[in-house]
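Results of the structural survey
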Amino acid sequence: MTETAHATALKRRRRRTTLVGWSFILPNFLGFAALTLVPVIAMMLLAFTEWNSYSTPKWVGLDNFSRMLDSDYFWAALSNTTYYAAGHIPLTLAASLGLAALLNQKLRGVGVLRTAFFFPYITSLVAVAVVWNMLLSPDVGPVNQLLKAVGVAHPPGWTTSTDWSMPAVIIASVWRDMGYYMVLYLAGLQTIPQELYEAARVDGAGAWKRFWHVTLPGLRPTTFFVLVMLTVASFKVFDLVQVMTEGGPGRSTLVLSQLIFREGITQGRFGYSSAISLVLFLLVLTITVTQFGLQRRHER
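In short, a report on the structure. (Residues numbered from 1 in each chain as written. Predicted model: local features only at pLDDT ≥ 70, side-chain atom pairs only at ≥ 80, totals over all residues. Heavy atoms only, no water.)

**Things to note about a nonpolar patch on the surface**
The following threshold applies: What makes a patch is a set of residues exposed beyond 30% relative accessible area and free of salt bridges, joined within 9 Å when like-charged and within 5 Å when nonpolar (Val, Leu, Ile, Met, Phe, Trp, Tyr). The accessible surface values rely on the Shrake-Rupley method and a 1.4 Å probe; as for residues, cover is taken only from the protein chains in view. Whenever Lys or Arg places a side-chain nitrogen within 4 Å of a carboxyl oxygen from Asp or Glu, that contact is recorded as a salt bridge. Helix numbers and strand numbers start at the N terminus; a helix is a DSSP run of H or I with at least 4 residues, a strand a run of E with at least 2. The buried label goes to any residue with under 20% of its type's maximum accessible area, the exposed label to any with over 50%, and the partly exposed label to all in between, with areas taken from a 1.4 Å probe on protein chains only.
The grouping of Val20, Trp22, Phe24, Ile25, Leu26, Phe29, Leu30, Phe32, Leu37, Ile41 and Leu45 at the surface amounts to a nonpolar patch, some 1,100 Å² of accessible area in total. Within the secondary structure, Leu45 sits in helix α1 (residues 3-46). According to the relative accessible area criterion, Leu45 is exposed, its value standing at 55%.

**Quick word on the pattern of salt bridges**
With the rule as written, the count across this model stands at two salt bridges. In this structure, Asp177 engages Arg176 in a salt bridge whose closest nitrogen and oxygen atoms are separated by 3.3 Å. Overall, the relative accessible area of 16% leaves Arg176 in the buried class. The partner of Glu263 in a salt bridge is Arg269, with the nearest N and O atoms 2.7 Å apart. We classify Glu263 as buried; its relative accessible area is 11%. Residue Arg269 is classed as partly exposed on the basis of its relative accessible area, which comes to 31%.

**Remarks on the nonpolar core**
Filter applied, for reference: Think of a nonpolar core as a cluster: buried Ala, Val, Leu, Ile, Met, Phe, Trp, Tyr and Cys residues, connected wherever their side-chain atoms sit within 4.5 Å. The contact rule is simple, with two residues in contact once any of their heavy atoms fall within 4.5 Å.
Formed by 40 residues in total, the largest nonpolar core has its most connected members in Met68, Phe74, Tyr185, Leu256 and Ile276. Secondary-structure elements contributing two or more residues to this core are α2 (63-69), α3 (72-103), α7 (165-190), α8 (194-202), α10 (220-235), α12 (256-266) and α13 (270-299). Considering each element in turn, this core owes the most residues, ten residues, to α3. Residues contacting Leu256, with those up to four places away along its chain left out, are Phe74, Ala77, Leu78, Thr81, Ile276 and Leu280. Ranked by size, the runner-up nonpolar core spans 18 residues in total, among them Leu136, Trp158, Val169 and Ala172.

**What to know about α3**
To be explicit about the condition: Given a helix with a known number of residues, its expected span is that number minus one, times 1.5 Å. In the analysis that follows, any N or O atom pair within 3.5 Å is treated as a polar contact, provided that within protein one partner can donate a hydrogen and the other can accept it, and provided that, for residues neighboring in sequence, both atoms belong to side chains.
Between its terminal C-alpha atoms α3 stretches 46 Å, which fits the 46 Å expected from 32 residues at 1.5 Å a residue. The N-cap of α3, judged by a side-chain oxygen 3.3 Å from the amide nitrogen of Tyr73 a few residues on, is Ser71.

**Observations concerning the packing of aromatic side chains**
Threshold: Here a pair means two rings of Phe, Tyr or Trp (six-membered ring of Trp) with centres within 6.5 Å. Their orientation is stacked below 30 degrees between planes, edge-to-face above 60, and tilted elsewhere.
Overall, the coordinates contain 14 aromatic pairs when judged by the stated rule. Centre to centre, the rings of Phe48 and Trp59 are 5.7 Å apart; their planes meet at 20°, and the pair counts as stacked. With Phe48 in the loop between α1 and β1 (49-50) and Trp59 in strand β2 (residues 58-59), this residue pair connects regions lying eleven residues apart in the sequence. Using a relative accessible area of 23% as the deciding quantity, one classes Phe48 as partly exposed.

**Re the layout of surface pockets**
The cut-off we apply is this: In the cavity and pocket records, a cavity denotes points on a 1 Å grid over the protein atoms alone where a 1.4 Å probe fits but cannot get out, a pocket denotes an open set with protein on both sides within 12 Å along at least 5 of 7 lines, and lining residues are residues with an atom within 4 Å of a point. Grid points are joined across faces, edges and corners, and a volume is the space filled by probe spheres set on the points. Asp, Glu, Lys and Arg are counted as charged, while Ala, Val, Leu, Ile, Met, Phe, Trp, Tyr, Cys and Pro are counted as nonpolar; the rest, among them Gly, fall into the polar class.
Looking at the largest pocket, its volume works out to about 980 Å³. Taken together, 36 residues make up the lining of the largest pocket; nearest its centre are Val232, Lys236, Val237, Ser257 and Leu280. Of all the secondary-structure elements, those providing two or more residues to the lining of the largest pocket are α1, α3, α7, α10, α11 (239-244), α12 and α13. Ranked by residue count, the leading element in the lining of the largest pocket is α13, at seven residues. The residue makeup of the lining of the largest pocket, split by class, is 24 nonpolar, eight polar and four charged. Volume-wise, the second largest pocket comes out at about 400 Å³. Along its surface, the second largest pocket is lined by 13 residues, and Ala101, Asn104, Gln105, Tyr197 and Arg201 are the ones closest to its centre. Those elements that provide at least two residues to the lining of the second largest pocket are α8 and α9 (207-218). Per element, the largest residue contribution to the lining of the second largest pocket is four residues, and it comes from α9. Grouping the amino acids of the lining of the second largest pocket by side-chain chemistry returns six nonpolar, four polar and three charged.

**Examining unusual backbone geometry**
Cis geometry marks the peptide bond from Gly248 to Pro249; its omega dihedral reads -5°. If you trace the backbone, Pro249 turns up in the loop between α11 and α12. A positive phi angle is found at Ser53, which is not glycine, with a value near 75°. Inspection of the secondary structure puts Ser53 in the loop between β1 and β2. Using a relative accessible area of 35% as the deciding quantity, one classes Ser53 as partly exposed. Residue Glu246 is not a glycine yet carries a positive backbone phi of 55°. As for its placement among the helices and strands, Glu246 is situated in the loop between α11 and α12. Exposure remark for Glu246: the relative accessible area of 54% places this residue in the exposed category.

Remember, this is a structural readout, not a statement about activity or role.
Printed below as a string of structure tokens:
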């Protein structure tokens, strides 16, 4: 075979390999483009327009953002979203890590326990919200009945109170999500060599020192992944808040995703809604990029 023929055959083989690769990628990419990429680009363009879906979009420049900065609802939603994230992220992180450390032991029925803690994550979110609303009912809920039984004369009003409604949502959310992140931590625990624990025992390290100096450093990549996932999920929370409180009482649990839904779907102000969506997108992007930057700096 001549050199030219060999080169031609090699090009055909590469072309065939490329086509095979694209045949695997293309179906998923088309779905991503149609359902995610194109809507995101449209949102970025609509953020600078006034549009109610019945007329032609009208370019208004930065008017939507100016209106947003003057809106009490926007600042309330941003504050509530930050409040939710500040409670949901560390509590879920701690609960899932604690469960994973506990259920990584050789316990009797550990498989059943792992399944039981993971089950809430795959349960209907509407069912979860309804059950927690019943549990936290101020008058007949088991939680307040228990608090009264142990001597709390005036237990919280939970979802009927402007002060306790967001903590109630956070509690329900942590309970639902901790099982999923527990599974991720369990996978991370399996990658830590047992020799490190044996060496720590030989050096006289107790359980807490082994956890602090062996387990936590070994779980650093898993913790980083969980932290990023929790941050994104916390800032775009919608469904649980919508079912449990609908943003109330008042504006005490109104979050940015709900405000986007109200302005766009309910009020038909899609340009203004897209502007809020763009701000939320940039906020999450900034936090995520910062997390990646801090992680790289720590690795160096």
